[in-house]
Amino acid sequence: MAKRQKRTVVVEGRGPRGRRPGEAPQPARMRRRVGHAERSAVGEVRRELREFLRHRSGQEQTEAAELLVSELVTNALIHTRHGAVVTATATSARLRVEVQDFASEDLPAPYVPNADDGTHGRGLILVRSLADAWGVQAQALGKTIWFELHGGRA
C-alpha cells in the first residue's frame with residue numbers, strides 16, 4: 001500500500017490595505033507538493049488553482065490555467081518517480097504557473113503525435129498554443145516547466 005503524503009497548500013499575499021502608499025501590490029502565491037503516487041492530485045491541484053484564481057482572474061483565463069496545469073502535473077507524475085511542486089503566482093497583469101519535478105532526465109521537447117498515440121503527447125502542444133509564454137528551465141535536480149497567461153482579471 002502506497003504511503004500517502006501530507007497535503008500542503010500555501011497561499012500567500014497581502015491585500016491592498018497591507019501595503020504602503022506607492023508600493024506595488026505583492027503577488028499572491030499558491031504552492032502545492034504532489035507525491036508521485038497521488039494520481040488523484042491532478043484534480044485537486046486543478047480545484048485549488050480555480051479557488052486561488054476565483055477573485056484574481058477572469059473565467060477564460062482560469063479555464064485555460066486549469067487545463068494547462070492538469071497537463072503539466074500529469075506529465076510530471078507519469079514521466080518521473082519523484083513527484084512535483086506546483087507554484088502559481090498571480091499579479092494584476094499575469095498568472096505564472098510552474099511545475100517542478102525532480103527527475104534527472106533530459107528536458108522535454110514537443111512532438112507531433114501520430115494517430116496511433118491516442119491522447120498521449122499533446123500536453124506541451126496545448127501549452128504552446130494556449131499560453132502567452134512558456135518555457136523549461138533545468139534545475140540542479142530536475143526541471144521546471146512554466147507557463148504564463150497575461151491579462152489578469154477580465
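Conventions used here
Residues numbered from 1 in each chain as written. Predicted model: local features only at pLDDT ≥ 70, side-chain atom pairs only at ≥ 80, totals over all residues. Heavy atoms only, no water. Helix = DSSP H or I, 4+ residues; strand = E, 2+ residues; numbered from the N terminus. Buried < 20%, exposed > 50% of the residue type's maximum accessible area, 1.4 Å probe, protein only. Contact = heavy atoms within 4.5 Å. Areas by Shrake-Rupley, 256 points an atom, 1.4 Å probe, with all protein chains shown as cover. Pairing = 2+ DSSP bridges. Core = buried A, V, L, I, M, F, W, Y, C linked by side-chain atoms within 4.5 Å. Phe/Tyr/Trp six-rings, centres within 6.5 Å; stacked < 30°, edge-to-face > 60°. Lys NZ or Arg CZ within 6 Å of the ring centre and 35° of its normal. Axes fitted to C-alpha atoms, helices over the stretch in contact; angles between N-to-C directions. Parallel < 35°, antiparallel > 145°, perpendicular 65-115°, else oblique. Left-handed = near helix turned anticlockwise from the far one by under 90°. Polar contact = N/O pair within 3.5 Å; in protein donor to acceptor, adjacent residues only side chain to side chain. Arc of directions from axis to C-beta. Nonpolar A, V, L, I, M, F, W, Y, C, P; charged D, E, K, R; others polar.

> Talk me through the overall build of the protein chain; I want residue IDs and the actual numbers.
Per the secondary structure count, the protein chain includes three helices and six strands. Its helices and strands taken in sequence order, the protein chain reads β-β-α-α-β-β-α-β-β from the N to the C terminus. The buried share of the protein chain, reckoned over its 154 residues, is 38%. Restricting the contact set of the protein chain to residue pairs at least 6 apart, pairs at least 24 apart contribute 58%. Of the roughly 9,500 Å² that the protein chain leaves accessible, carbon and sulfur atoms contribute 50%.

> Explain the pairing of strand β5 (residues 133-138) residue by residue, including any values.
Remark: a regular strand shows side chains that alternate across the two faces of the sheet. As defined by bridge partners, β5 adjoins strand β6 (residues 143-150) across six bridges and the pair is classed as antiparallel. Looking across to β6, one finds that Trp134 is bridged to Phe147. Connecting β5 to the antiparallel partner β6 that follows it, the hairpin turn spans four residues, and Gly142 within it adopts a positive phi of roughly 95 degrees.

> An account of the nonpolar core is needed here, citing residue identities and associated values.
Judged by nonpolar contacts, the single largest core of 30 residues is most densely connected at Leu49, Phe52, Val73, Val86, Leu95 and Phe147. Among the elements that take part in this core, helix α2 (residues 59-79) stands out by supplying eight residues, more than any other.

> Describe the packing of aromatic side chains, with residues and values.
The final tally for this structure, using the stated rule, is zero aromatic pairs. Over the face of the ring belonging to Trp146 we find Arg96, whose NZ or CZ atom lies 4.1 Å from the ring centre.

> Can you tell me about the packing of α2 against helix α3 (residues 123-130), naming the residues and giving the values?
Closest axis-to-axis distance for the α2/α3 pair is 9 Å, and the angle between their directions is 150 degrees. By the angle class used here, α2 and α3 are roughly antiparallel. The chirality of how α2 crosses α3 is left-handed. Here Leu67, Leu68, Glu71 and Leu72 of α2 lie close against α3, whose contacting residues are Gly123, Leu124, Leu126, Val127 and Leu130.

> Give a description of the side chain of Thr80 that names residues and reports values.
With respect to the helices and strands, the residue Thr80 is situated in the loop between α2 and β3 (84-90). Since its relative accessible area comes to 2%, Thr80 is described here as buried. Side-chain polar atoms of Thr80 contact the backbone oxygen of Ala76, separated by 2.4 Å. Among all residues touching Thr80, those that are not within four sequence positions of it are His36, Asn75, Asp101 and Ala103.

> Lay out the environment of Val136 in plain terms, naming residues and giving numbers.
Looking at the secondary structure, you find Val136 in strand β5. Residue Val136 is classed as partly exposed on the basis of its relative accessible area, which comes to 26%. Sequence separation of Val136 and Phe147 is eleven residues, and the distance between their C-alpha atoms is 9.0 Å.

> Which residues make up α3, and what values do they have?
Because an α-helix packs 3.6 residues into every turn, residues spaced three or four apart end up facing the same way. Listing the buried residues of α3 in full gives Gly123, Leu124 and Val127. Looking straight down α3, one finds that the buried residues subtend no more than 90 degrees of arc, so they occupy a single side. Packing partners of the buried residues in α3 comprise α2, β5 and β6.

> I'd like a rundown of the packing of helix α1 (residues 41-53) against α2, residues and numbers included.
Contact geometry for α1 and α2: axes closest at 9 Å, N-to-C directions at 150 degrees. Here α2 runs roughly antiparallel to α1, going by the angle between their axes. Here α1 runs over α2; the crossing is right-handed. When α1 is examined against α2, the residues Val42, Val45, Arg46, Leu49, Arg50 and Leu53 are found in contact with a partner set consisting of Thr62, Ala65, Glu66, Val69, Ser70, Val73, Thr74 and Leu77. Grouping the amino acids of the contact of α1 with α2 by side-chain chemistry returns eight nonpolar, three polar and three charged.

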